[in-house]
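# Structural characterization, general
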Amino acid sequence: MATKKKKSKPTASKKLRFSRQNKIILGSLLIFLSIALFFSFVSFYFTWQDDQSLLTEFANRNEQAKNLLNKFGASVSHYIMYRGFGLSSLIIPFLLSLTGLYLFLSIPLKNLWNKWIWGLVLLIWISITLGFFADTQPLLGGLVGYEMNDFLQDYTGKIGVFLILLFMLTIILVRLFKLTPEGVARFFKSKSASVAADFKKAQPEASEPLPEDEDTEVILDTYTHKKDIPHLDPSAEEKKVDTGKPDPAEDEIAMEVNTVTDEKEESDLLSDKLVADFGEFDPTLELSNYKFPHLDLLDPHGSGGGITINQEELEENKNKIVETLKNYKIGIAQIKATIGPTVTLYEIVPDAGIRISKIKNLEDDIALSLAALGIRIIAPIPGKGTIGIEVPNKKATTVSMRSVIASSKFQKAEMQLPIAFGKTISNETFVVDLAKMPHLLMAGATGQGKSVGLNAVLTSLLYKKHPAEVKFILVDPKKVELTLYNKIERHYLAKLPDSEEAIITDNTKVIHTLNSLCIEMDNRYELLKQAMVRNIKEYNAKFKARKLNPNDGHTFLPYIVLVIDEFADLIMTAGKEVETPIARLAQLARAIGIHLIIATQRPSVNVITGIIKANFPARIAFRVTSKIDSRTILDFQGADQLIGRGDMLFTQGNDITRIQCAFVDTPEVAKITDYIGSQRGYTSAHLLPEYSGEDSGTGIDYDISERDAMFRDAAEVIVTAQQGSASLIQRKLKLGYNRAGRIIDQLEAAGIVGPFEGSKARAVLVPDIYTLEKMLNEETK
Ligand SMILES: Nc1ncnc2c1ncn2[C@@H]1O[C@H](COP(=O)(O)OP(=O)(O)OP(=O)(O)O)[C@@H](O)[C@H]1O
């Protein structure tokens, strides 16, 4: 096959061999020449005085020079070193040998120019510097060094020359060695950090982990912990295996393993260089002094005492369950109790041959015999082969936010948007990643813990994410629940460019914000497309590695979490106008880091519509009043049997987990937001893209010639009545609904009525008929 190949392209291969041969010859010539020069120069230092007299006797064969390369060496060195650049002439053989090597190894010469230019700059600079400091030693600086000094000193004096040399040195250090003050500082910092780390390692490790609840210092370690991870990387050992050669002692025949490294693209080289010079991009740099809130801001809520259920209560409940089941002729082979903060789970294994549905039907009877609310039967417990009966504890334990935040599960969570919801029935901290959900629907009757749940979500993120990494958009029609977060506007909130308040309380604004978020989503997708990545995580990683140019519009993208409280209120007043962008965002926004959390009191089907439900696989149900509501939220019943006060069911698909939501009180939120708000923030809230609402008029409406024939009459009706409603036009001018609607749009475009305001009539912007006449006449002029 090889011969075939040779035959098929004879000319090409011949040409290649020819030029390659020439390169080898020329390359080796340069290498040997540089070796000769090197030896000549070095020995010239010791022999120059003896050989000086021979310089005129070059042709005389009887005379011999002492230079290692005889008369050639003596003459060349005389002209290059003595009459030239002195000691720095040694750079010349170095450059020549480098060129020779490039040719010999057939490396493209294009990078060589740079080296030659810098080599020559160094040659001159060293020559002048040596001439300056050692003007009595002509060989050090050479004639060039001496003369240049002489020349420069005539004009600038000794100090002037010294300053010129220093300036040249700065250029060399900055341009050639890429030295910057920050780089030097970073170098020393990393050195001192590694020394400190070595020092730490040398000290005996504190072997006992801190108890969870007292673990107050943990939060302060969050960032250092993250940064330490690479050092603790268990794959370090694996890497050894990958790259190492086999141990010759183990295997007699040694095999050489060549690891093939991928060729790097030009852009990769550039980004590597940028990373080497400036380090990875750090989005937190602008607020580098930002301090995460500490655990002491949170209240333990008396949870230090642990769960309080006494043996008696357990025994009593067990006996009641066994007895009730016995009454219905259901025998129990085994029973086991798992105690949670508010609920205890009794797992029973019935005798063989008992139908599960039979036990399930006894739910109410068991509840009656236990005289307790909130009994839930899980038959069977998925993946366990047992039947679960959840019985509320007589004395519920409050799960404090502090305890879940301090838990190592949350502290060590390497998630994009970790949320500590609370504790499961087996008293484990329940942490989930919002980015994976990717949106969350929360529902529950009033007073059952929704607002606390929302605060738990926000608090979790505040404790874990830097302001540069996440932004919240808060919609709060009740105007009281989320107001506290106003204080962290310049750190964590995002808003529309023209709005004053970051927390949105009015419905028109919500529509604008949602549409603006859709624009942001489209923009982000465009950025992802340009960066050739699939999601925000990859995008940000690429941006941090300086592989994306900020001049091309690339920027670090923070996650955006949109929280809507009282969603029912919104959908009732604005309907489709909010449903459509929400559905769009819910369908598409997961990859680009926009996540929605919507909470509602009324989980009826006209609020949680099919399209919304389909896009919110992760759902939380607090206690609801009916089985139907439970089904609407979860597709299962059970939420109607919860006990309230933060008792909730969480589903992310099929499994349902019962969780006691962590409790965070308003004063705690106030403390956290005060703590964050008192620190230096960004100059303003994160600005969303501008959205000019469709209801503020379109280009077509502005075209006066396309106005409805009844436009003027309608304007008069509206201004006379000072009421901007389409139905008024319909009635007075006897028009159809669509036509009246169109006219209203045109009136708005003309600035006669204000924008759409939900259920209210539009404002009329023209005070009287006279002003209207004037306005319309001016338009037609
Ligand atoms: N996780 C919890 N642990 C203990 N108590 C809780 C918890 N969550 C809520 N509660 C109690 O329930 C009360 C009402 O909670 P919350 O204000 O969150 O209800 P809500 O569902 O938001 O009500 P609304 O819909 O009327 O705003 C709280 O003041 C608190 O006393």
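Here the structure is a predicted model, which means the values were calculated and not measured. (Residues numbered from 1 in each chain as written. Predicted model: local features only at pLDDT ≥ 70, side-chain atom pairs only at ≥ 80, totals over all residues. Heavy atoms only, no water.)

## Quick look at the environment of T398
For T398, the position within the fold is in the loop between β4 (387-392) and α14 (401-406). Placed 24 residues apart in sequence, T398 and G422 show a C-alpha to C-alpha distance of 9.9 Å. (Helix = DSSP H or I, 4+ residues; strand = E, 2+ residues; numbered from the N terminus.)

## Regarding the pairing of β4
Among the six residues that make up β4, six are buried, leaving the element largely enclosed by the rest of the structure. By the alternation rule, side chains of β4 split into I387, I389 and V391 and G388, E390 and P392, which are all buried. (Buried < 20%, exposed > 50% of the residue type's maximum accessible area, 1.4 Å probe, protein only.)

## Quick notes on unusual backbone geometry
Residue M437 is joined to P438 through a cis peptide bond whose omega torsion reads -10°. Residue placement: P438 occurs in the loop between β6 (429-433) and β7 (440-443). Here the phi dihedral of D635 falls at roughly 70°; this positive angle occurs in a residue that is not glycine. Position of D635 relative to the elements: it lies in the loop between α23 (627-634) and β13 (647-651). For D635, a relative accessible area of 41% gives the class partly exposed. Of note in this structure, Q722 is not a glycine but carries a positive phi near 50°.

## A few points about a nonpolar patch on the surface
Residues F32, I35, F38, F39, V42, F46 and L68 make up a contiguous nonpolar surface patch of about 740 Å² in total accessible area. Within the element layout of this structure, F38 appears in helix α2 (residues 10-51). A relative accessible area of 40% means that F38 is categorised as partly exposed. (Patch = residues over 30% accessible without salt bridge, like charges linked within 9 Å, V, L, I, M, F, W, Y side chains within 5 Å. Areas by Shrake-Rupley, 256 points an atom, 1.4 Å probe, with all protein chains shown as cover. Salt bridge = Lys/Arg side-chain N within 4 Å of Asp/Glu carboxyl O.)

## Some details on the sheet that holds strand β3 (residues 376-378)
If you trace the four strands from one edge of the open sheet to the other, you get β1-β2-β4-β3, paired in antiparallel fashion. Strands at the two margins of the open sheet, each flanked by one partner only, are β1 (332-339) and β3. Mean inter-strand twist for the sheet, computed between neighbouring axes without regard to direction, equals 20°. As paired strands, strand β2 (residues 343-350) and β4 are joined by six bridges and run antiparallel to one another. Residue pairing in the sheet places I348 in a bridge with I387 of β4. This element, helix α11 (residues 311-327), spans β1, β2 and β4 of the sheet and lies at about 40° to β2. (Pairing = 2+ DSSP bridges. Axes fitted to C-alpha atoms, helices over the stretch in contact; angles between N-to-C directions. Contact = heavy atoms within 4.5 Å.)

## Some words on the packing of aromatic side chains
A full pass over the atoms with the stated rule returns 12 aromatic pairs. Between F281 and F556, the ring centres sit 6.4 Å apart and the planes meet at 40°, which makes this aromatic pair tilted. In this pair, F281 is assigned in the loop between α10 (266-278) and α11 and F556 in the loop between α19 (536-544) and β10 (559-564), connecting sequence segments 275 residues apart. Overall, the relative accessible area of 12% leaves F556 in the buried class. Plain terms: the ring middles of F421 and F650 are 5.9 Å apart, the flat faces sit at 40° to each other, and that makes the pair tilted. Linking F421 in strand β5 (residues 418-424) with F650 in strand β13, this pair joins segments that are 229 residues apart in sequence. (Phe/Tyr/Trp six-rings, centres within 6.5 Å; stacked < 30°, edge-to-face > 60°.)

## Overview of the site of the ligand
As a structural note, the neighbourhood of the ligand is formed by 17 residues, with T446, K450, S451, K478 and C661 the closest of them. G447 is positioned such that a nitrogen or oxygen atom in its backbone is 2.8 Å from an oxygen atom of the ligand. Residue K478 places a side-chain N or O atom 2.5 Å away from an oxygen atom belonging to the ligand. In terms of residues, the shell around the ligand owes the most to one element, helix α16 (residues 450-464), which gives three residues. Residues that form the shell around the ligand fall into these classes: five nonpolar, eight polar and four charged. (Near = heavy atom within 4 Å. Polar contact = N/O pair within 3.5 Å; in protein donor to acceptor, adjacent residues only side chain to side chain. Nonpolar A, V, L, I, M, F, W, Y, C, P; charged D, E, K, R; others polar.)

Worth remembering: the numbers are spatial, not functional.
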